[in-house]
Amino acid sequence: VGYNVNINFLPWARGLHDSKNGLYDGVLTIWYRKEREKWFKFSEGFFPNEIVFIKKKKLQIKYKGLEDLKDYSIGVIRGFSYPDSFKKATFLNKSKSKNAEQSIKKLVHDRVDIIIMDKLVAKFHLNKKYPGQWKNYEVLGAPLKTDFQHLAISKKIQNHQKIIEDFNRGYQKIKASGEFKKILKKHGL
């Protein structure tokens, strides 16, 4: 829809903070949360995240609920939004990382037993850094949460409402043309 876009990859907490303050125009692939409306204008949801636990296949865990994970270390990403049930589970041993790559590295090198993140993000980063290794990992249980991703434009950016409207219009165009499905397929999604 006529925009030139520059994408910067930052640790989540820093990118979120800097976007809230207008140092960046916005954040791509963020969950809508009511409390975030004070800083951002959100696009319509465009792709679902499945937040799951991931572990090495060789690690045997009987999992029916969060209580079953109290004896394991779980890799989390600083500044990420997690399902309420997980956030409230203070009995869990949570090991913070600055980004997905660091959390996955901890899992690969046995510095954590489990990670929690979007399944496709984990698969992408694992295959990127450790090609062909996804087959050695598995999702533990059903997704804790499925939530749509959004583009969020900082309310400190001039024309934030128009930018979101234009994004939504462009998204509808590529969906209607089939281009969105082609993009997902190209990236194994």
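Coordinates for the structure precede this section.
The following refers to the structure shown.

Parameters and conventions
Residues numbered from 1 in each chain as written. Predicted model: local features only at pLDDT ≥ 70, side-chain atom pairs only at ≥ 80, totals over all residues. Heavy atoms only, no water. Phe/Tyr/Trp six-rings, centres within 6.5 Å; stacked < 30°, edge-to-face > 60°. Helix = DSSP H or I, 4+ residues; strand = E, 2+ residues; numbered from the N terminus. Buried < 20%, exposed > 50% of the residue type's maximum accessible area, 1.4 Å probe, protein only. Pairing = 2+ DSSP bridges. Axes fitted to C-alpha atoms, helices over the stretch in contact; angles between N-to-C directions. Parallel < 35°, antiparallel > 145°, perpendicular 65-115°, else oblique. Contact = heavy atoms within 4.5 Å. Nonpolar A, V, L, I, M, F, W, Y, C, P; charged D, E, K, R; others polar. Arc of directions from axis to C-beta. Core = buried A, V, L, I, M, F, W, Y, C linked by side-chain atoms within 4.5 Å.

Let us now look at the packing of aromatic side chains. According to the stated counting rule, one finds ten aromatic pairs in the structure shown. Ring plane angle 75° and centroid distance 5.4 Å describe the contact between Trp12 and Phe80, whose orientation is recorded as edge-to-face. Of this pair, Trp12 sits in helix 1 (residues 12–20) while Phe80 sits in the loop between strand 4 (73–77) and helix 2 (84–87), and the two are 68 residues apart along the sequence. Where Phe80 meets Tyr82, the ring centres are 6.2 Å apart and the plane angle is 35°; that geometry is what we call tilted. Note on Phe80: relative accessible area 33%, which makes it partly exposed.

With that settled, the discussion passes to the pairing of strand 4. Regular strands have side chains that alternate between both faces of the sheet. For strand 4, a buried count of five out of five residues is recorded, marking the element as mostly surrounded by other parts of the structure. Every second residue of strand 4 is oriented toward a common face, with Ser73, Gly75 and Ile77 on one face and Ile74 and Val76 on the other, all of them buried. The sheet contact formed by strand 4 and strand 5 (residues 93–97) spans five bridges and is parallel. In the strand pairing of strand 5, Val76 is matched with Lys96. Pairing of strand 4 with strand 6 (residues 114–118), which is carried by two bridges, proceeds in the parallel orientation. In the strand pairing of strand 6, Gly75 is matched with Ile115.

Running from amino to carboxyl end, helix 5 (residues 160–177) crosses helix 6 (residues 179–186) at an angle of 80°, the nearest separation of the two axes being 4 Å. Viewed along their axes, helix 5 and helix 6 adopt a mutual orientation that is roughly perpendicular. Counted together, Tyr171, Ile174, Lys175 and Ser177 of helix 5 and Glu179, Phe180 and Ile183 of helix 6 form the full contact between these two elements. Partitioning the contact of helix 5 with helix 6 into residue classes produces four nonpolar, one polar and two charged.

Here we come to helix 1. If you check which residues of helix 1 are buried, you get Trp12, Gly15, Leu16, Asp18 and Ser19. On the buried face of helix 1, the contacting elements are strand 1 (26–31), strand 2 (40–42) and strand 7 (137–154). Gly22 sits one or two residues past helix 1 and shows a positive phi near 80°.

This next bit is on helix 4 (residues 119–129). Note: α-helices contain 3.6 residues per turn, so residues at a spacing of three or four share the same orientation. All of the buried residues in helix 4 are Ala122, His125 and Leu126. What you see down the axis of helix 4 is that its buried residues fit within an arc of 100°, all on one side. Against strand 3 (47–56), helix 3 (100–108), strand 6 and strand 7 lie the buried residues of helix 4.

Judged by nonpolar contacts, the single largest core of 31 residues is most densely connected at Phe53, Leu69, Ile74 and Phe86. Taken together, the elements giving at least two residues each to this core come down to strand 3, strand 4, helix 3, strand 6, helix 4 and strand 7. Setting aside residues no more than four positions away along its own chain, Phe86 makes contact with Phe53, Leu66, Ile74, Val76, Leu92, Lys94, Ile116 and Leu144. With seven residues, the next largest nonpolar core counts Trp12, Leu16, Val27 and Phe40 among its residues.

Any link to function would need more than the numbers given here.
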